[in-house]
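Structural overview for review
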Amino acid sequence: MAFRNKFAIAASDLTGKWTNNFGGSIQYVNAYTGFDAGTATHASAENFLFASGNTYKWDLGVASGMVGNIKFQSVKSNGKFSLPNNWQISFSDMEGKPRTFNAYFSCIKGFRILWLDDKLSERLSD
């Protein structure tokens, strides 16, 4: 049933703010001594704001690295989006170039999840 939980998108379904947050860490231990060898962390926050007139704002912030030497990066873009069909969304500017994503909704009780898969963009840029 999991593979059947995919629904087409429409521009009117996208209006509003969509967010994705992730965080994780890994602790390294020396295999010979058992002593701590450090910890690496990663945290990211991504936001899409879809507004009237098929406009969008996008930002992504990432903090990652070994504890004590964590680096922060951020990017943002805005522009116009279009839907070539009910399963794709095209953005006029993502990190300096237009990009198209495969897109669909999944539903769970009381919520919709917007999935954007940029594998299509990778194939187009090759």
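Details of the structure are given in the entry above.
What to know about the pattern of salt bridges
For the structure on display, the rule yields three salt bridges. A salt bridge links Arg 99 to Glu 95, with the shortest nitrogen-to-oxygen separation between them at 3.7 Å. Assessed through its relative accessible area of 16%, Arg 99 is described here as buried. Taken together, the shared-partner salt bridges in this structure form one network comprising Glu 95, Arg 99 and Asp 118.

A short note on the environment of Ser 64
Its location among the elements puts Ser 64 in strand β3 (residues 55-66). The partly exposed category is assigned to Ser 64, whose relative accessible area is 27%. Along the backbone, Ser 64 and Gly 23 are 41 residues apart, and their C-alpha atoms lie at a distance of 9.4 Å. Ignoring any residue separated from it by four or fewer positions in sequence, one finds Ser 64 in contact with Thr 41, His 42, Asn 69, Ile 70 and Lys 71.

Side note on unusual backbone geometry
A positive phi is found at Asn 54, a non-glycine position, where the angle reads about 55°. Counting through the fold element by element, Asn 54 comes out in the loop between β2 (36-51) and β3. Asn 54 sits in the partly exposed class, given a relative accessible area of 32%.

A few points about the nonpolar core
Membership of the largest hydrophobic core comes to 15 residues, with the highest contact counts inside it found for Leu 14, Phe 48, Phe 50, Phe 81, Ile 89, Phe 91 and Leu 114. Put simply, the parts of the chain that give this core at least two residues each are β2, β3, β5 (88-94) and β6 (97-108). Non-local contacts of Phe 48, meaning those with residues more than four positions away in its chain, are made with Gly 16, Lys 17, Trp 18, Lys 57, Trp 58, Phe 91, Met 94 and Leu 116.

Calculation notes
Residues numbered from 1 in each chain as written. Predicted model: local features only at pLDDT ≥ 70, side-chain atom pairs only at ≥ 80, totals over all residues. Heavy atoms only, no water. Salt bridge = Lys/Arg side-chain N within 4 Å of Asp/Glu carboxyl O. Buried < 20%, exposed > 50% of the residue type's maximum accessible area, 1.4 Å probe, protein only. Helix = DSSP H or I, 4+ residues; strand = E, 2+ residues; numbered from the N terminus. Contact = heavy atoms within 4.5 Å. Core = buried A, V, L, I, M, F, W, Y, C linked by side-chain atoms within 4.5 Å.

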